Amino acid sequence: MPRSPSLAALLLLATTAALAQTGLPPGETFHVMNRTGTDARELNAVRSPRGARNDWGGNLLNPERPLRPDRGFNVRPAEGAGCRFDLRLVLADGRESVLRDQDICADREVELQAAARPAAPLPVPVQPPPQVKEQRPNPNARRVATGTGFLVAPDRVMTNHHVIDGCDRIVVRAPDNRWLGAVPPARVDEALDLALLAVPGLPGPALVFRSAPAVRRGEGVVVYGYPLAGILSDSVLTRGEINGLAGLADNRSQFQVSAPVQPGNSGGPMLDMQGHVVGVVVSKLNAQRIAKATGDIPQNINFAVKGEAALAFLQRTGLQPQLAESRGTERGAADIGEIAARSTVFIRCEK
(Lines give C-alpha, C1' and ligand atoms only; values in the text may rest on other atoms or scores of the structure.)
Protein backbone atom coordinates (compact mmCIF):
# COMPACT_ATOMS: atom_id res chain seq x y z
CA MET A 1 0.00 0.00 0.00
CA PRO A 2 1.57 3.36 -1.00
CA ARG A 3 2.55 5.66 1.84
CA SER A 4 0.82 9.02 2.14
CA PRO A 5 3.14 12.05 1.99
CA SER A 6 4.12 13.37 5.40
CA LEU A 7 2.90 16.72 6.69
CA ALA A 8 6.45 18.12 6.27
CA ALA A 9 6.55 16.98 2.64
CA LEU A 10 3.16 18.55 1.99
CA LEU A 11 4.33 21.81 3.53
CA LEU A 12 7.48 21.69 1.37
CA LEU A 13 5.41 21.12 -1.78
CA ALA A 14 3.06 23.97 -0.85
CA THR A 15 5.97 26.29 -0.17
CA THR A 16 7.63 25.41 -3.49
CA ALA A 17 4.38 25.96 -5.40
CA ALA A 18 3.82 29.33 -3.70
CA LEU A 19 7.39 30.40 -4.47
CA ALA A 20 6.98 29.47 -8.13
CA GLN A 21 3.80 31.52 -8.27
CA THR A 22 4.97 34.68 -6.50
CA GLY A 23 8.75 34.63 -7.02
CA LEU A 24 11.53 35.35 -4.56
CA PRO A 25 10.69 36.41 -1.01
CA PRO A 26 10.47 40.20 -0.53
CA GLY A 27 13.93 41.79 -0.45
CA GLU A 28 15.71 38.76 -1.92
CA THR A 29 17.91 39.10 -5.03
CA PHE A 30 19.39 37.02 -7.82
CA HIS A 31 22.83 37.55 -9.32
CA VAL A 32 23.68 38.24 -12.99
CA MET A 33 27.28 37.55 -14.07
CA ASN A 34 28.90 39.16 -17.12
CA ARG A 35 30.83 36.33 -18.84
CA THR A 36 30.98 38.04 -22.24
CA GLY A 37 34.58 39.27 -21.97
CA THR A 38 33.37 42.83 -22.74
CA ASP A 39 32.04 45.73 -20.70
CA ALA A 40 28.23 45.82 -20.58
CA ARG A 41 26.54 49.22 -20.73
CA GLU A 42 23.01 47.96 -20.16
CA LEU A 43 21.29 45.21 -18.18
CA ASN A 44 17.61 44.36 -18.61
CA ALA A 45 15.63 41.86 -16.53
CA VAL A 46 11.98 41.48 -17.56
CA ARG A 47 9.35 39.01 -16.43
CA SER A 48 8.86 36.26 -19.02
CA PRO A 49 7.03 36.37 -21.39
CA ARG A 50 7.55 40.04 -22.20
CA GLY A 51 4.29 40.49 -24.10
CA ALA A 52 3.34 41.62 -27.58
CA ARG A 53 5.48 44.80 -27.54
CA ASN A 54 8.63 42.80 -26.77
CA ASP A 55 9.69 45.60 -24.39
CA TRP A 56 12.96 45.15 -22.49
CA GLY A 57 12.10 47.75 -19.88
CA GLY A 58 14.61 50.07 -18.22
CA ASN A 59 18.38 49.80 -17.85
CA LEU A 60 19.35 48.51 -14.39
CA LEU A 61 22.96 49.73 -14.67
CA ASN A 62 24.31 53.18 -13.94
CA PRO A 63 25.21 54.58 -17.42
CA GLU A 64 28.51 55.85 -16.01
CA ARG A 65 29.43 52.50 -14.44
CA PRO A 66 29.47 49.62 -16.96
CA LEU A 67 29.37 46.04 -15.74
CA ARG A 68 32.93 44.77 -16.20
CA PRO A 69 33.77 41.27 -17.48
CA ASP A 70 33.45 38.58 -14.80
CA ARG A 71 31.67 40.98 -12.47
CA GLY A 72 28.14 40.55 -11.21
CA PHE A 73 25.04 42.59 -10.45
CA ASN A 74 22.31 41.84 -7.90
CA VAL A 75 18.76 42.18 -9.22
CA ARG A 76 15.88 42.59 -6.76
CA PRO A 77 12.59 41.64 -8.48
CA ALA A 78 9.35 43.36 -7.61
CA GLU A 79 7.17 41.49 -5.14
CA GLY A 80 4.99 38.96 -6.93
CA ALA A 81 7.01 39.15 -10.17
CA GLY A 82 7.28 35.37 -10.41
CA CYS A 83 10.33 33.23 -11.15
CA ARG A 84 10.66 33.32 -14.94
CA PHE A 85 12.75 36.14 -16.40
CA ASP A 86 14.25 37.18 -19.74
CA LEU A 87 17.71 38.74 -19.30
CA ARG A 88 19.81 40.87 -21.63
CA LEU A 89 23.23 42.52 -21.53
CA VAL A 90 23.94 45.19 -24.15
CA LEU A 91 27.70 45.33 -24.64
CA ALA A 92 29.90 48.37 -25.21
CA ASP A 93 30.67 47.22 -28.77
CA GLY A 94 26.98 47.02 -29.73
CA ARG A 95 26.48 43.25 -29.36
CA GLU A 96 23.95 41.78 -26.97
CA SER A 97 23.78 38.63 -24.86
CA VAL A 98 20.31 37.25 -24.15
CA LEU A 99 18.90 34.45 -21.94
CA ARG A 100 15.19 33.74 -22.07
CA ASP A 101 12.79 32.17 -19.58
CA GLN A 102 15.30 31.72 -16.77
CA ASP A 103 14.03 30.29 -13.46
CA ILE A 104 15.70 32.64 -10.98
CA CYS A 105 14.01 30.93 -8.02
CA ALA A 106 15.73 27.62 -8.82
CA ASP A 107 19.10 29.18 -9.70
CA ARG A 108 19.96 32.49 -8.04
CA GLU A 109 23.09 33.04 -10.20
CA VAL A 110 22.73 33.51 -13.96
CA GLU A 111 25.70 33.78 -16.35
CA LEU A 112 25.39 35.61 -19.69
CA GLN A 113 27.89 34.60 -22.36
CA ALA A 114 29.11 36.52 -25.42
CA ALA A 115 26.81 36.89 -28.43
CA ALA A 116 27.46 38.23 -31.92
CA ARG A 117 24.34 40.05 -33.01
CA PRO A 118 24.06 43.84 -32.62
CA ALA A 119 21.62 45.32 -30.16
CA ALA A 120 18.30 46.50 -31.57
CA PRO A 121 17.23 50.11 -31.03
CA LEU A 122 15.50 50.68 -27.71
CA PRO A 123 11.72 50.99 -28.03
CA VAL A 124 10.38 54.53 -27.85
CA PRO A 125 7.66 55.02 -25.23
CA VAL A 126 4.26 55.52 -26.83
CA GLN A 127 2.83 58.91 -25.93
CA PRO A 128 -0.82 59.83 -26.43
CA PRO A 129 -1.36 62.59 -29.01
CA PRO A 130 -1.61 65.99 -27.31
CA GLN A 131 -5.00 67.67 -27.33
CA VAL A 132 -4.19 70.19 -30.05
CA LYS A 133 -6.70 71.14 -32.70
CA GLU A 134 -5.72 69.89 -36.14
CA GLN A 135 -5.16 72.38 -38.94
CA ARG A 136 -5.98 70.70 -42.23
CA PRO A 137 -4.46 71.80 -45.56
CA ASN A 138 -6.33 74.50 -47.43
CA PRO A 139 -7.51 72.97 -50.74
CA ASN A 140 -8.05 76.47 -52.14
CA ALA A 141 -4.50 77.69 -51.61
CA ARG A 142 -3.25 79.50 -54.73
CA ARG A 143 0.26 78.03 -54.63
CA VAL A 144 1.67 75.11 -52.65
CA ALA A 145 5.23 73.95 -52.06
CA THR A 146 6.31 70.95 -50.03
CA GLY A 147 9.36 69.74 -48.16
CA THR A 148 10.55 67.67 -45.22
CA GLY A 149 11.47 68.43 -41.63
CA PHE A 150 12.42 66.54 -38.49
CA LEU A 151 12.01 66.92 -34.75
CA VAL A 152 14.98 68.32 -32.85
CA ALA A 153 13.06 68.92 -29.58
CA PRO A 154 9.41 68.68 -28.46
CA ASP A 155 7.32 71.00 -30.65
CA ARG A 156 10.37 72.06 -32.69
CA VAL A 157 11.03 71.09 -36.32
CA MET A 158 14.16 71.76 -38.37
CA THR A 159 13.96 72.23 -42.13
CA ASN A 160 15.47 74.40 -44.89
CA HIS A 161 14.82 78.12 -45.09
CA HIS A 162 13.87 77.82 -48.75
CA VAL A 163 11.14 75.30 -47.85
CA ILE A 164 9.21 77.84 -45.74
CA ASP A 165 10.33 81.11 -47.35
CA GLY A 166 7.37 83.31 -48.36
CA CYS A 167 4.69 81.04 -46.91
CA ASP A 168 1.40 82.53 -45.75
CA ARG A 169 0.63 79.34 -43.82
CA ILE A 170 2.67 76.26 -42.87
CA VAL A 171 1.13 72.96 -41.86
CA VAL A 172 2.97 69.73 -41.11
CA ARG A 173 1.78 66.13 -41.20
CA ALA A 174 3.06 64.41 -38.08
CA PRO A 175 4.25 60.78 -38.03
CA ASP A 176 0.84 59.82 -36.56
CA ASN A 177 -0.84 61.53 -39.58
CA ARG A 178 -2.25 64.51 -37.65
CA TRP A 179 -2.05 67.87 -39.43
CA LEU A 180 -0.63 70.58 -37.17
CA GLY A 181 0.08 74.24 -37.79
CA ALA A 182 3.42 75.99 -37.37
CA VAL A 183 3.33 79.15 -35.27
CA PRO A 184 5.26 82.13 -36.70
CA PRO A 185 7.82 83.51 -36.65
CA ALA A 186 10.32 80.83 -37.69
CA ARG A 187 13.95 81.16 -36.62
CA VAL A 188 16.10 81.18 -39.76
CA ASP A 189 19.69 81.28 -41.00
CA GLU A 190 19.52 82.24 -44.66
CA ALA A 191 23.26 81.69 -45.23
CA LEU A 192 23.04 78.07 -44.06
CA ASP A 193 19.53 77.67 -45.54
CA LEU A 194 18.12 76.42 -42.24
CA ALA A 195 14.91 77.16 -40.35
CA LEU A 196 13.42 76.16 -37.01
CA LEU A 197 9.63 75.91 -36.73
CA ALA A 198 7.47 75.90 -33.61
CA VAL A 199 4.72 73.28 -34.02
CA PRO A 200 2.60 72.93 -30.86
CA GLY A 201 1.36 69.40 -30.22
CA LEU A 202 4.38 67.65 -31.73
CA PRO A 203 6.10 66.09 -28.70
CA GLY A 204 8.75 63.87 -30.27
CA PRO A 205 10.85 61.82 -30.11
CA ALA A 206 13.60 64.11 -31.31
CA LEU A 207 16.43 62.79 -33.45
CA VAL A 208 19.89 62.61 -31.90
CA PHE A 209 22.85 64.49 -33.40
CA ARG A 210 26.25 62.84 -33.80
CA SER A 211 28.89 64.33 -31.50
CA ALA A 212 31.89 62.16 -32.47
CA PRO A 213 33.92 60.94 -34.26
CA ALA A 214 34.39 63.36 -37.15
CA VAL A 215 32.56 62.36 -40.35
CA ARG A 216 34.85 60.88 -43.04
CA ARG A 217 34.58 60.46 -46.78
CA GLY A 218 33.11 57.11 -47.70
CA GLU A 219 30.84 56.76 -44.67
CA GLY A 220 27.43 55.32 -45.37
CA VAL A 221 24.38 57.54 -44.81
CA VAL A 222 20.61 57.26 -45.03
CA VAL A 223 18.35 60.07 -46.27
CA TYR A 224 14.70 60.08 -45.24
CA GLY A 225 11.96 62.36 -46.50
CA TYR A 226 8.93 63.11 -48.65
CA PRO A 227 10.04 63.68 -52.25
CA LEU A 228 7.79 64.40 -55.23
CA ALA A 229 4.58 65.05 -53.34
CA GLY A 230 1.58 64.25 -55.52
CA ILE A 231 3.54 61.58 -57.36
CA LEU A 232 4.90 59.56 -54.44
CA SER A 233 2.40 59.27 -51.59
CA ASP A 234 4.69 57.88 -48.89
CA SER A 235 7.99 58.64 -47.22
CA VAL A 236 11.11 57.44 -49.01
CA LEU A 237 14.42 56.11 -47.72
CA THR A 238 17.59 56.21 -49.83
CA ARG A 239 21.14 55.11 -49.10
CA GLY A 240 24.44 56.62 -50.18
CA GLU A 241 27.84 57.79 -49.04
CA ILE A 242 29.63 60.95 -48.00
CA ASN A 243 31.54 61.78 -51.19
CA GLY A 244 33.09 65.10 -50.19
CA LEU A 245 33.63 67.24 -47.12
CA ALA A 246 32.59 70.43 -48.89
CA GLY A 247 29.63 71.43 -51.00
CA LEU A 248 29.17 73.42 -54.18
CA ALA A 249 31.87 76.10 -54.73
CA ASP A 250 33.86 74.66 -51.78
CA ASN A 251 31.09 75.45 -49.27
CA ARG A 252 32.60 74.13 -46.02
CA SER A 253 29.27 74.09 -44.20
CA GLN A 254 28.01 71.29 -46.50
CA PHE A 255 28.73 67.69 -47.44
CA GLN A 256 28.53 66.26 -50.94
CA VAL A 257 26.58 62.99 -50.83
CA SER A 258 25.56 60.29 -53.28
CA ALA A 259 22.22 59.38 -51.65
CA PRO A 260 19.56 60.15 -54.28
CA VAL A 261 17.32 63.11 -53.43
CA GLN A 262 14.41 64.73 -55.26
CA PRO A 263 12.34 67.90 -54.85
CA GLY A 264 10.57 67.52 -51.51
CA ASN A 265 13.57 65.94 -49.74
CA SER A 266 14.79 69.41 -48.77
CA GLY A 267 15.00 69.84 -45.01
CA GLY A 268 15.01 66.11 -44.28
CA PRO A 269 17.49 64.34 -41.99
CA MET A 270 20.64 62.60 -43.19
CA LEU A 271 21.59 59.90 -40.69
CA ASP A 272 24.72 57.84 -40.20
CA MET A 273 24.56 54.07 -39.78
CA GLN A 274 24.06 54.43 -36.03
CA GLY A 275 20.89 56.49 -36.56
CA HIS A 276 22.41 59.86 -35.61
CA VAL A 277 21.95 63.09 -37.56
CA VAL A 278 25.02 64.08 -39.60
CA GLY A 279 23.33 66.46 -42.02
CA VAL A 280 20.23 68.24 -43.32
CA VAL A 281 19.39 67.66 -46.99
CA VAL A 282 19.52 70.98 -48.82
CA SER A 283 19.85 70.62 -52.62
CA LYS A 284 20.88 68.59 -55.64
CA LEU A 285 23.10 69.61 -58.52
CA ASN A 286 21.18 70.95 -61.52
CA ALA A 287 21.99 68.18 -63.99
CA GLN A 288 20.54 69.98 -67.01
CA ARG A 289 22.53 73.14 -66.38
CA ILE A 290 25.77 71.19 -65.90
CA ALA A 291 25.06 69.12 -69.03
CA LYS A 292 24.69 72.29 -71.09
CA ALA A 293 27.97 73.67 -69.74
CA THR A 294 30.07 70.50 -69.92
CA GLY A 295 28.26 68.14 -72.28
CA ASP A 296 28.08 65.50 -69.54
CA ILE A 297 25.21 64.58 -67.19
CA PRO A 298 26.31 64.38 -63.53
CA GLN A 299 25.06 61.46 -61.45
CA ASN A 300 23.91 61.60 -57.81
CA ILE A 301 25.66 64.82 -56.79
CA ASN A 302 23.65 66.14 -53.86
CA PHE A 303 24.34 68.32 -50.84
CA ALA A 304 23.50 68.45 -47.16
CA VAL A 305 24.20 71.03 -44.47
CA LYS A 306 26.71 69.50 -42.05
CA GLY A 307 25.28 68.28 -38.78
CA GLU A 308 27.74 70.38 -36.78
CA ALA A 309 26.59 73.55 -38.59
CA ALA A 310 22.93 72.64 -37.98
CA LEU A 311 23.69 71.91 -34.32
CA ALA A 312 25.40 75.30 -33.87
CA PHE A 313 22.35 77.02 -35.43
CA LEU A 314 20.01 75.25 -33.00
CA GLN A 315 22.19 76.17 -30.05
CA ARG A 316 22.05 79.83 -31.14
CA THR A 317 18.25 79.62 -30.90
CA GLY A 318 18.55 78.39 -27.31
CA LEU A 319 17.99 74.67 -27.92
CA GLN A 320 20.30 71.93 -26.68
CA PRO A 321 19.60 68.90 -28.90
CA GLN A 322 20.49 65.39 -27.82
CA LEU A 323 24.03 64.25 -28.70
CA ALA A 324 25.63 60.81 -28.95
CA GLU A 325 28.83 59.27 -30.26
CA SER A 326 28.62 56.94 -33.26
CA ARG A 327 30.77 53.94 -32.40
CA GLY A 328 30.37 50.18 -32.44
CA THR A 329 28.44 47.92 -34.77
CA GLU A 330 26.51 49.64 -37.56
CA ARG A 331 22.77 49.10 -37.93
CA GLY A 332 20.92 48.16 -41.08
CA ALA A 333 19.18 50.72 -43.26
CA ALA A 334 15.77 49.35 -42.22
CA ASP A 335 16.56 50.04 -38.55
CA ILE A 336 17.73 53.56 -39.41
CA GLY A 337 14.51 54.09 -41.35
CA GLU A 338 12.43 53.13 -38.32
CA ILE A 339 14.31 55.68 -36.21
CA ALA A 340 13.79 58.41 -38.81
CA ALA A 341 10.11 57.60 -39.41
CA ARG A 342 9.15 58.41 -35.81
CA SER A 343 10.57 61.93 -36.07
CA THR A 344 10.26 63.08 -39.70
CA VAL A 345 7.38 65.26 -40.88
CA PHE A 346 5.90 66.35 -44.21
CA ILE A 347 5.81 70.14 -44.61
CA ARG A 348 3.22 71.98 -46.73
CA CYS A 349 3.79 75.65 -47.51
CA GLU A 350 0.70 77.53 -48.66
CA LYS A 351 1.13 80.88 -50.46
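My aim in this report is to walk through the structure given alongside it, one point at a time. Because the structure is predicted, anything quoted here is derived from the model rather than measured.

1. Considering unusual backbone geometry
Here's step 1: Of note, the amide linkage connecting Pro184 to Pro185 takes the cis form, showing an omega dihedral of 0°.
Here's step 2: Take Pro185: it is sitting in strand 11 (residues 183-189).
Here's step 3: Looking along the chain, the bond that leaves Ala212 and enters Pro213 is cis, with omega of -10°.
Here's step 4: Structurally, Pro213 is set in the loop between strand 13 (209-212) and strand 14 (220-225).
Here's step 5: Even without a glycine there, the phi angle at Asp193 is positive, about 65°.
Here's step 6: Relative to the assigned elements, Asp193 resides in the loop between strand 11 and strand 12 (194-198).
Here's step 7: One non-glycine residue with positive phi stands out, namely Leu228, at about 50°.
Here's step 8: With respect to the helices and strands, the residue Leu228 is situated in the loop between strand 14 and strand 15 (236-244).

2. Re the state of the cysteines
Here's step 1: According to the stated counting rule, one finds two disulfides in the structure shown.
Here's step 2: A disulfide bridge connects Cys83 with Cys105, and the sulfur atoms are separated by 1.9 Å. Taking the sign of the torsion about the S-S bond as the criterion, the disulfide between Cys83 and Cys105, at about -80°, is left-handed. Highlighted residues: Cys83 in the loop between strand 3 (72-75) and strand 4 (84-91) and Cys105 in the loop between strand 5 (96-103) and strand 6 (109-113), separated in sequence by 22 residues. Cys105 matches Cys83 in its accessibility class, with the two residues each being buried.
Here's step 3: One disulfide bridge connects Cys167 with Cys349, the sulfur atoms lying 1.9 Å from each other. Here the disulfide of Cys167 and Cys349 is left-handed, its torsion about the S-S bond being about -115°. Placement of the pair is Cys167 in the loop between helix 2 (161-164) and strand 9 (169-173) and Cys349 in strand 21 (residues 344-350), with a sequence separation of 182 residues. In this structure, Cys167 and Cys349 share a single accessibility class: buried.
Here's step 4: Bonded cysteines in the chain are paired 1-2, 3-4 when counted in the order they occur along the chain.

Cut-offs and rules
- Residues numbered from 1 in each chain as written.
- Predicted model: local features only at pLDDT ≥ 70, side-chain atom pairs only at ≥ 80, totals over all residues.
- Heavy atoms only, no water.
- Helix = DSSP H or I, 4+ residues; strand = E, 2+ residues; numbered from the N terminus.
- Disulfide = S-S within 2.5 Å.
- Buried < 20%, exposed > 50% of the residue type's maximum accessible area, 1.4 Å probe, protein only.

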